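Chain by chain, the residues run as shown.
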Amino acid sequence: MTFRHLSTEQQNVASAELDTKSALEIARIINNEDKKVALAVEQALPQIAEAIDAIADVIRKGGRLIYVGAGTSGRLAALDAAECPPTFNTDPKTIRYVLAGGPKALGAPAEFSEDSRARGRRDLAKLKPGRKDLVVGITASGRTPYTVAALEYARGKGARTVAVVCNQNSELGQGAEIEIVAEVGPEALSGSTRMKAGTAQKMILNMLSTGAMARLGYVYGNLMINVDSKNQKLVQRGLATLEKAAGVDRPTATKALKDAKNQIPIALIMLKTGSSPTQAKRKLKRAKGNVRRAIEES
C-alpha cells in the first residue's frame, strides 16, 4: 500500500472547510471524530489481550518491555514508560522507550530521524534486546522506517514483538508476532496522526501496561497498591487505598504504613494477615510481588 492510500492519510469529508467553521463547530467536528476511536480500539481487544499476557510473562521472567516509536508515537511511548515506575513502583530499567531523535525529540521536532532504518537499529541495539524481552513498535502508518527496522532488529535477536498501528496490512504489523490494529480512519486535520491515531495509541498503551501490571498482581482489585508515596498527595492516596483494601480506619492505616516504612503493599499484607513487617516482606518476595497471592497464600 502506497503512503497516499493509507486510511490515516485520506481527506476527511466530515471536516471539509474546517477553516471556515466557528470555534464551537470545530470542537464539535473533532469531538465527533474522537468518538470513533474507542470503537476502533475495541476491534483490536483480542490482540491487545494477547499482548498483555505476553508482556506480563516477559516481566515475570525478568525481561523488559521496550517501546519504540518516532514523532507522536515515540512521545506517547516515552510517556507510558515514564509513568510506570511512579504508578506501579516498577524498576525504571524494566519498561524502556526508544524515540527517534533521542530524548531531545520529546520537546522538539526530530521528524528527519523517522526515515533512518540505520538509526532505528542502532538506537535499539544500545539496549541489547534479547530473548527475555518484548519490543513494541508504534506507528500510525505502520511503515515508518525507523520503527520497522528497530522491530526487525529485535526479532533477529530473539525478542518477542508487538506492532501497534492504525492501518491494515502494514509492513510493521506483518513483521510482528502480535499485530494490534486500531483503524481510526481519516483525521479531522488530514494526515495529523497526533489526533485520532495518537489517541488510539495512548489508549492501547494504557491497556498494555496497566493490564500487564494487573496480571502480575502489582495492583489489588483496582487500587494502585504499588504507588510510590513520595509526596503528600500520594501519601494520602496510599492511606485511602489501605482503608479501602483492608477495611480499616485512618489511624490504623497510618500506623501500618509507618511500620511498613511507607511501603503500601507491605502495610496491606500486614493488615490482612496479621504479619509483622519482616514477615510481610517475605510473603511478598515469595509471591514475586503479587500482592493478592502474598495475602491468600498466607
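Scroll up to find the structure this text is about.
Residues numbered from 1 in each chain as written. Predicted model: local features only at pLDDT ≥ 70, side-chain atom pairs only at ≥ 80, totals over all residues. Heavy atoms only, no water.

A closer look at the overall build of the chain
Put simply, the test is: Only DSSP runs of H or I covering at least 4 residues are called helices, and only runs of E covering at least 2 are called strands; the numbering of each starts at the N terminus. The cut-offs for exposure are 20% and 50% of the maximum accessible area for each residue type, with area from a 1.4 Å probe on protein chains only; residues under the lower value are buried, those over the upper are exposed, and the others partly exposed. Methods summary: accessible areas were calculated by the Shrake-Rupley approach with a probe of 1.4 Å, and residue burial reflects only the protein chains presented.
Looking only at helices and strands, the chain features 12 helices and five strands. Summarising its shape, the C-alpha atoms of the chain cover approximately 65 × 50 × 35 Å along the three principal directions. For the chain, the proportion of its 298 residues judged to be buried stands at 49%. When the accessible surface of the chain is totalled, it reaches about 14700 Å², and 50% of it is carbon and sulfur.

Let's talk about the pairing of strand E4 (residues 160-165)
Put simply, the test is: Strand pairing is assigned whenever DSSP identifies at least 2 bridges connecting the two strands. Crossover handedness is defined by viewing with both strands directed away from the observer: a clockwise path from the first strand over the helix to the second marks the crossover as right-handed.
Taking burial as the measure, the six residues of E4 include five buried ones, the bulk of the element. In the sheet, strand E3 (residues 134-138) pairs with E4 via five bridges, with the strands oriented parallel. Within the sheet, the bridge partner assigned to Val135 lies in E4 and is Thr161. Taken together, E3, helix H5 (residues 145-156) and E4 form a β-α-β motif whose crossover is right-handed. As defined by bridge partners, E4 adjoins strand E5 (residues 178-181) across four bridges and the pair is classed as parallel. Each residue of the ladder has a partner; that of Val164, found in E5, is Ile180.

With respect to the environment of Lys132
As a reminder of what qualifies: Contacts between residues were defined by any pair of non-hydrogen atoms, one from each residue, lying within 4.5 Å.
Note on placement: Lys132 falls in the loop between helix H4 (117-125) and E3. Placed 27 residues apart in sequence, Lys132 and Ala159 show a C-alpha to C-alpha distance of 6.5 Å. Excluding residues within four positions of it along the chain, Lys132 makes contact with Val58, Lys61, Gly62, Gly63 and Arg64.

So, helix H9 (residues 250-259)
An α-helical segment advances 3.6 residues per turn. Residues three or four places apart therefore align on the same side. For clarity, the threshold we go by: Along the arc lie the directions from the helix axis toward the C-beta atoms.
Every buried residue of H9 is listed here: Ala253, Ala256 and Leu257. Projected onto a plane normal to the axis of H9, the buried residues spread over an arc of 100° and lie on a single side. Relative to its buried face, H9 has exposed residues pointing more than 90 degrees away, namely Pro251, Lys255 and Lys258. Those residues of H9 hidden inside the fold are in contact with helix H8 (232-246) and helix H10 (264-273).

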